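Each chain, letter by letter, is given below.
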Amino acid sequence: MKNTQYLVQVGGRWYCRVRWPKEIWGALGDGSFKRSLRTDSRSEALLRLPGALQEFQNAVAVAKARQLEAAPRPLGAGEITLLVARWYEAAQGAFEPNPRPQQRDAVEREERRRFIETQEEGLVRKRRQLGEADYSTLYPLVDGLLSRTGLNVDREDASFGLLCQTLMRAWIALEETALAKMRGEFGHRPADPILQELEAAEPSVAAAPTSRTLDGLIGAYEADNAARWSQSTVNAYRPVFRVLRDTLGANREVRSVDREAAREVFEVVKGLPRNLGKNRELAALPVPAAVAAAQSLGLPTISPKSINDSYMALSVALFGWGLRERWTEYNPFVGLRVVEAVAPQDKRDAFTPDQLAAVFGGAPWSTGDTAPGGKPSLYWAPLLSLYHGLRIGEPCGLLTEEIVERDGVAAIDVKPNDLRRLKNRHTKRFLPIHPELIRLGFLDYVEARRRAGDRQLFPEARQDANGHYGDHVTDWFRRLLEARGLRGQGVNSGNLTLHSLRHSFQDALRDAGIEETLEGKVLAGRQRGADPVAAAYGNGRNMEQLAAQLGKVAYPAVGIPVAGGVEAAA
């Protein structure tokens, strides 16, 4: 089947692929934009193609803007008028005298007279600077005007001087008018016609088209992060962007999104029904309408965790990027969170000692079957989570070359690789291998994989739709817990999962008295602050000290026999 333009099929999946225009090769290279349409159906791919092409156009626009910003260029006369007219429109209020009735005593009248004299002296000084083309006092203001509009102008260029001159003329005219009103001369018109020129330009300012819309911000943000985002991150942002577009309007100017608008989004998010995307009738509605319909039907809403850690956190990230890239002047979403009714210790249970005994006291660990169903990850991955606090994607995405030796200590080099990424920068670290895993023969297993020529430590592990590894272990472990009748003890009594082993590891660090130590934070893959000593940990140094501390992590209720009855040398 012949591919439609920009639509290609690779390995059964459809992709949008477009060559970057030559004029932006300097920013993006001479390659192509490529985006998975996440479907094997050609008809479905055709429906999704326009959205991907819009992403391409947004990426091109961002690249062009960056190239323009990187190279200083002169301003046109029209651009200068528009820049100053916008400043004038915003500044008028600051130069208007207070019309509120006043009754001043003699001291206050004298103070006011002196104030007017001081301002008049300042005007004389500004007129002198204007005549001498000395604009140095205006540079911070002019730089702010240029940066907010993404313009880069050389200060030695004549157009920069003309911008400063026009701005100073407007400032002087405004001050003259304000002082005249303070003297009771309300019919005063400044001799310089600059204010009339700017007032005449205001309609053009209001009508001037802008690409700095919410939709443009989202597209630029996606383009800037596409190379770093996993598929699960892309999927997490999709409903957030939909809420923002549906609530605020895709074409809304980004700078107009203030705290009130952010609270409007916040209220909509708090009313979102669970599984909105799976309800065909509600999913077809704009999000605010879907929320209203769900409320009338009494449908349950999403959890506080989803509100805070997904919708609001990702909105903060989007506008935080916009703030850094000068799309907006502040982040209106910061601090908008709901109070979670569930105590932190109850969000997800750790295993109790008896539950750990029930889990690891049964098959496959009790029987020594290190590859149940031909899948050794089912045996080893839960143990790596228990004794190292690893998230399931970390062990299931390991390569055999990432089991190393550091300073005579067997270790795991936890780092991003071409199979999977890591949760954050703190999770990149070297970990000494727990002596219990060595006793059970983990290093022998690694060596067997190397002899077999396997690159993956667990060859059976496959990537899921979100780009994660380990789903097969998670699902298998969930069924194992159900079969053994194990449930949590907190308010969320059904919340025992494979990830609960990481919480058990935290408990074991706490019991060993090392949870809040530097070594404990490294072992758990948590933030270590800016201490340079902390930076040394997790980067291959102090491995003997880390190994000694990790050896304190113990689970007295867990006793696993060695397969074949022969213990490996620790």
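All figures in this text were calculated on a predicted structure; none of them were measured in a lab.

A word on helix H3 (residues 77-91)
In this model H3 runs 21 Å from its N-terminal to its C-terminal C-alpha over 15 residues, within 8% of the 21 Å that 1.5 Å per residue would give. The complete set of buried residues in H3 reads Ile-80, Leu-83, Val-84, Ala-85, Trp-87, Tyr-88 and Ala-91.

Side note on the sheet that holds strand E3 (residues 32-36)
Read from one edge to the other, the open sheet built from three strands follows the order E1-E2-E3, with strand pairing classed as antiparallel. Every other strand in the sheet has two partners, leaving strand E1 (7-10) and E3 as the edge strands with one partner each. Direction aside, neighbouring strands of the sheet carry axes that sit 35° apart on average. Where strand E2 (residues 13-19) lies against E3, five bridges are found, and the strand directions are antiparallel.

Concerning the pairing of E2
Looking at chain direction, E1 and E2 are connected through four bridges and run antiparallel. Bridge pairing in E2 places Val-10 opposite Arg-13.

Describing the environment of Ala-293
Inspection of the secondary structure puts Ala-293 in helix H12 (residues 287-297). Along the backbone, Ala-293 and Glu-281 are 12 residues apart, and their C-alpha atoms lie at a distance of 9.8 Å. For Ala-293, the residues in contact, after removing those within four places along its chain, are Leu-282 and Leu-285.

Here's the deal with the packing of aromatic side chains
The description of two aromatic rings rests on the distance between their centres and on the angle between their planes. What the rule picks out here adds up to 18 aromatic pairs. Measuring from ring centre to ring centre gives 4.8 Å for Tyr-379 and Trp-380, while their planes differ by 80°; the resulting arrangement is edge-to-face. Trp-380 matches Tyr-379 in its accessibility class, with the two residues each being buried. Seen in terms of ring centroids, Tyr-387 and Tyr-555 are 5.3 Å apart; in terms of plane orientation they differ by 80°. Their pairing is edge-to-face. Remark: Tyr-555 occurs in the segment after helix H23 (543-550) and Tyr-387 occurs in helix H15 (residues 377-388); sequence separation between them is 168 residues. Here Tyr-387 and Tyr-555 have matching classes, each one buried.

Some thoughts on H15
The buried fraction of H15 is high, at 12 of 12 residues. For H15, the set of buried residues is Ser-377, Leu-378, Tyr-379, Trp-380, Ala-381, Pro-382, Leu-383, Leu-384, Ser-385, Leu-386, Tyr-387 and His-388. In the stretch just after H15, Gly-389 is the one whose phi turns positive, near 65°.

Overview of the sheet that holds strand E4 (residues 403-406)
Taking strand neighbours across the sheet as the criterion, the three strands line up as E4-E5-E6 in an open arrangement whose pairing is antiparallel. On the outer flanks of this sheet lie E4 and strand E6 (429-432), each paired with one strand and no other. The mean inter-strand angle of the sheet, taken between neighbouring strand axes irrespective of direction, is 45°. Where E4 and strand E5 (residues 409-414) come together, four bridges link them in antiparallel fashion. Opposite Ile-403, over in E5, you have Ile-412 as the bridge partner.

Procedures and definitions
Residues numbered from 1 in each chain as written. Predicted model: local features only at pLDDT ≥ 70, side-chain atom pairs only at ≥ 80, totals over all residues. Heavy atoms only, no water. Helix = DSSP H or I, 4+ residues; strand = E, 2+ residues; numbered from the N terminus. Expected span 1.5 Å × (residues − 1). Buried < 20%, exposed > 50% of the residue type's maximum accessible area, 1.4 Å probe, protein only. Pairing = 2+ DSSP bridges. Axes fitted to C-alpha atoms, helices over the stretch in contact; angles between N-to-C directions. Contact = heavy atoms within 4.5 Å. Phe/Tyr/Trp six-rings, centres within 6.5 Å; stacked < 30°, edge-to-face > 60°.

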